[in-house]
Each structure stands twice: as C-alpha cells, then as structure tokens.
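Each chain, written out:
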Amino acid sequence: MDKRPVLAIMRPETYTDDSEETAKAAGFQPFSVPVVTLRGMKDDAFDGFVKRVLSQKTDLVIFTSANGIEYTLKNLGGGAEAEKKFLEALRKIKIVAIGPTTKKKLESYDLSSALMPGEYSSTGLVNDLGKEAAGKTIDIPRSFYGSEVLVKGLEDAGATVHQTHVYTLDIPEGELQEELIEKTINGEIDAFAFTSTMMVKNFMVLADKISEKEEIIAKLNEAVVGAIGDPTAQTVESFGVKVDVVPNEFTFEALVAVIKEKMK
C-alpha cells in the first residue's frame with residue numbers, strides 16, 4: 001500500500017503532468033482533479049491591443065501568466081505569418097512577466113522580460129514599477145477574472161492602462177470532481193494546494209453541490225492547506241478554513257515545498 005501522503009492538485013489540466021512530477025519528487029502521492037478549466041476568449045479590446053503593439057504605440061506589455069501569452073497568440077488569427085509579425089513587434093517593446101513560469105514561456109518565443117517583480121503578484125508589480133509607470137501606455141492581456149489591483153495601481157501611478165481578456169476560467173463538473181469531494185469527506189486527502197482564488201471558489205461550489213459545505217470545511221481544517229499568495233489565502237479563510245502555509249515565492253514548486261515542510 002502506498003504510504004505517501006496524498007496531495008490534492010486542482011490546477012487546470014494543462015498543468016497536470018508537471019504538477020504531478022513536482023508532487024512525486026517531494027514525496028507525495030498526487031491526486032489530480034482540475035477544478036478550473038481554461039477557455040479562450042476575444043473581447044472588443046483585443047484588436048486595439050494588437051494595433052498598439054504593431055505600431056509601437058504601447059510602452060509596456062504585462063503578461064500575468066503563461067496562459068496570457070498562449071491565448072494572445074491563438075487570438076491573432078492569420079496563421080504563422082501573423083504570429084511572426086506580432087512577435088517581432090513585441091520584441092521591440094518592454095515586456096514584464098509576473099512569475100518564473102510566465103518568464104519561461106516568454107523565452108520559449110524568444111521574448112525577454114525586462115522586469116519580473118520580486119513578489120510574483122499584481123501588488124508586487126505595482127510596487128516595483130512605482131513612478132516609472134507615470135505617463136506610460138501599458139497593455140495587459142489576461143484572464144477575464146484577473147485582479148483589478150494591477151490596473152488600478154498602475155492608473156493611480158499615472159499610467160494609461162488597456163486590458164484585454166484573452167481567456168476565461170470555467171468550472172468543470174463530473175465524476176472526477178465528485179470523487180475529489182468524496183475523498184475529502186472520507187479523510188483520504190492529507191493536503192490541499194490552492195493556487196488561485198478561482199480554484200478556491202470553484203472547489204467550494206462543487207462541495208456545496210455534492211455535499212454539505214460545513215462537512216467539507218471541517219475536513220479541510222483537519223488537513224494541511226496551502227495557498228499561493230495572500231489573495232488566495234484570504235479567499236480560503238473567508239470560507240472558515242485555516243491556511244497552514246503560504247510560500248514566499250508564488251510558484252507551485254514553492255507551495256509544495258512548504259506543505260511538505262509543514263507535514264514533517
């Protein structure tokens with residue numbers, strides 16, 4: 001029988017393989033069930049964003065996630081030639097990446113990040129840019145559910161900010177999600193890794209549909225609960241669940257490491 005502690009990984013399916021490798025390397029038995037799914041979208045602001053990049057009318061482009069890069073390129077249309085033209089223009093503009101995963105994705109397209117905030121968050125980026133944002137035109141391609149902290153902070157600093165939503169987040173429902181809730185109720189999961197506020201909210205929606213939320217909250221409080229960043233931790237705690245660990249770095253690897261340390 002596998003004696004390794006079970007870690008619930010609830011990230012979108014595209015991250016499953018890498019997440020499971022990280023969990024196994026740390027000594028966990030991963031149980032992967034996506035409670036967030038990604039879906040591309042293209043809003044009315046997208047064409048303006050592309051035009052500003054192609055005409056070099058934007059001073060700074062901020063990518064808050066690797067998904068933002070992927071879905072931006074998917075939204076271009078026009079095939080390889082359109083992507084090539086866009087990337088060539090983007091290389092002449094200052095780019096900011098939030099987090100090492102985003103930075104790595106940029107590099108895979110031969111794009112370099114001029115700045116990566118020390119704190120991998122919207123708040124961290126606003127603090128790092130500071131007065132440098134004043135008078136600048138800034139574009140942010142991001143999730144429909146992206147925090148408004150970034151936009152408001154940059155606007156307060158004197159920047160003109162354009163955001164376009166290139167993907168959205170949905171809640172998957174099915175047998176696997178039901179199994180996650182059932183295993184939680186049965187005390188079969190030792191630790192939970194929450195990596196976004198949407199993940200927390202979707203988990204609770206599923207719990208409420210499948211079981212009694214109070215029962216789920218009680219079981220979560222018996223396990224080790226980790227959250228990436230203060231916004232995610234605050235969302236977890238708003239449901240009456242104690243957050244045991246928050247890593248100093250906002251990465252899944254760092255989150256798994258502090259959960260493992262807490263379980264010793």
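Quick caveat, the model's predicted, so the values are computed rather than measured. (Residues numbered from 1 in each chain as written. Predicted model: local features only at pLDDT ≥ 70, side-chain atom pairs only at ≥ 80, totals over all residues. Heavy atoms only, no water.)

Engineer: Is there a simple way to explain unusual backbone geometry in this structure?
Structural biologist: Most peptide bonds take the trans configuration, and most residues that are not glycine carry a negative phi. Unlike most non-glycine residues, Gln 56 shows phi in positive territory, near 60°. On the secondary structure map, Gln 56 appears in the loop between α2 (46-54) and β4 (60-63). One non-glycine residue, Asp 110, lies in the positive phi region at around 60°. (Helix = DSSP H or I, 4+ residues; strand = E, 2+ residues; numbered from the N terminus.)

Engineer: When you look at the pattern of salt bridges in this model, what are you seeing that I'm missing?
Structural biologist: If the charged atoms of two oppositely charged side chains come close together, the side chains can form a pair. What the rule picks out here adds up to 13 salt bridges. In this structure, Lys 219 and Glu 222 form a salt bridge, with 3.8 Å as the shortest nitrogen-oxygen distance. Using a relative accessible area of 62% as the deciding quantity, one classes Glu 222 as exposed. (Salt bridge = Lys/Arg side-chain N within 4 Å of Asp/Glu carboxyl O. Buried < 20%, exposed > 50% of the residue type's maximum accessible area, 1.4 Å probe, protein only.)

Engineer: Hey, could you run me through a negative patch on the surface in this one?
Structural biologist: On the surface, Asp 17, Asp 18, Glu 21 and Glu 253 cluster together into a negatively charged patch. Top element by residues in the negative patch is helix α1 (residues 16-25). It accounts for three residues. Considering the arrangement of structural elements, one finds Asp 17 in helix α1. Accessibility expressed as a relative area gives 57% for Asp 17, which makes it exposed. (Patch = residues over 30% accessible without salt bridge, like charges linked within 9 Å, V, L, I, M, F, W, Y side chains within 5 Å. Areas by Shrake-Rupley, 256 points an atom, 1.4 Å probe, with all protein chains shown as cover. Lys, Arg positive; Asp, Glu negative; His and termini not counted. Charge placed at Lys NZ, Arg CZ, Asp CG, Glu CD.)

Engineer: I keep staring at the pairing of strand β9 (residues 224-227) and nothing clicks. Help me out?
Structural biologist: Remark: a regular strand shows side chains that alternate across the two faces of the sheet. The alternating pattern of β9 places Val 224 and Gly 226 and Val 225 and Ala 227 on opposite faces, both of which are buried. The sheet contact formed by strand β8 (residues 191-194) and β9 spans four bridges and is parallel. Residue pairing across strands places Phe 192 opposite Val 225, the latter belonging to β9. (Pairing = 2+ DSSP bridges.)

Engineer: Whenever I open this one, the pairing of strand β2 (residues 29-32) confuses me. Can you help?
Structural biologist: Relative to β2, strand β1 (residues 6-9) is paired through four bridges, and the arrangement is parallel. Each bridged residue has a counterpart across the sheet, and for Ile 9 the counterpart in β2 is Ser 32. Read as a crossover between parallel neighbours, the route from β1 over α1 to β2 is right-handed. (Right-handed = clockwise from strand over helix to strand, strands pointing away.)

Engineer: I keep staring at the side chain of Arg 142 and nothing clicks. Help me out?
Structural biologist: Among the secondary structure elements, Arg 142 is positioned in strand β6 (residues 137-143). The charged side chain of Arg 142 is buried without a salt bridge, its nearest counter-charge being Glu 148 at 4.4 Å.

Engineer: I'm lost on the sheet that holds β1 in this one. Help?
Structural biologist: The pairing of strands in a sheet comes from backbone hydrogen bonds and takes either a parallel or an antiparallel form. As summarised here, the arrangement of the four strands in space is β2-β1-β8-β9, forming an open sheet in which the pairing is parallel. In this open sheet, the two strands that pair with only one neighbour each are β2 and β9. Geometrically, the sheet is characterised by an average inter-axis angle of 20° between neighbouring strands, direction not taken into account. (Axes fitted to C-alpha atoms, helices over the stretch in contact; angles between N-to-C directions.)

Engineer: Even after reading the chapter, I still don't get the packing of aromatic side chains, so can you show me in this structure?
Structural biologist: Working definition: an aromatic ring pair is given by the centre-to-centre distance plus the angle between the planes. Applying the stated rule across the entire model yields seven aromatic pairs. Geometrically, the ring pair formed by Phe 144 and Tyr 145 is edge-to-face, given 5.2 Å between the ring centres and 90° between the ring planes. Residue Tyr 145 is classed as partly exposed on the basis of its relative accessible area, which comes to 45%. For the pair Phe 192 and Phe 194, a centre-to-centre distance of 6.4 Å together with 10° between the ring planes defines the contact as stacked. For the residue pair Phe 192 and Phe 194, the accessibility class agrees, reading buried in each case. Through a chain of ring-to-ring contacts, the aromatic side chains of Phe 46, Phe 49 and Phe 86 assemble into a single cluster. The ring of Tyr 71 carries the charged tip of Lys 74 above its face, separated from the ring centre by 4.7 Å. In this structure, Lys 183 is placed above the aromatic ring of Phe 31, and the distance from its NZ or CZ to the ring centre is 5.4 Å. (Phe/Tyr/Trp six-rings, centres within 6.5 Å; stacked < 30°, edge-to-face > 60°. Lys NZ or Arg CZ within 6 Å of the ring centre and 35° of its normal.)

Engineer: Looking at this model, I keep getting lost on the environment of Ala 26. Mind explaining?
Structural biologist: You can see Ala 26 is positioned in the loop between α1 and β2. Between the C-alpha atom of Ala 26 and that of Glu 261, which follows or precedes it by 235 residues, the distance is 9.8 Å.

Engineer: Any chance you could explain the nonpolar core here in plain terms?
Structural biologist: Across soluble globular proteins, nonpolar side chains have a tendency to be buried as a group. In terms of nonpolar packing, the biggest core is built from 54 residues, with Leu 180, Phe 192, Phe 194 and Phe 203 touching the most fellow members. When residues in this core are grouped by element, the largest group, seven residues, is from helix α9 (residues 197-210). Not counting the four nearest positions on each side in its chain, Phe 192 is found in contact with Leu 7, Ala 8, Met 10, Thr 184, Phe 203, Leu 220, Ala 223, Val 224, Val 225, Gly 226 and Ile 259. Residues Ile 98, Leu 125, Leu 150 and Val 161 belong to the second largest nonpolar core, which totals 15 residues. (Core = buried A, V, L, I, M, F, W, Y, C linked by side-chain atoms within 4.5 Å. Contact = heavy atoms within 4.5 Å.)

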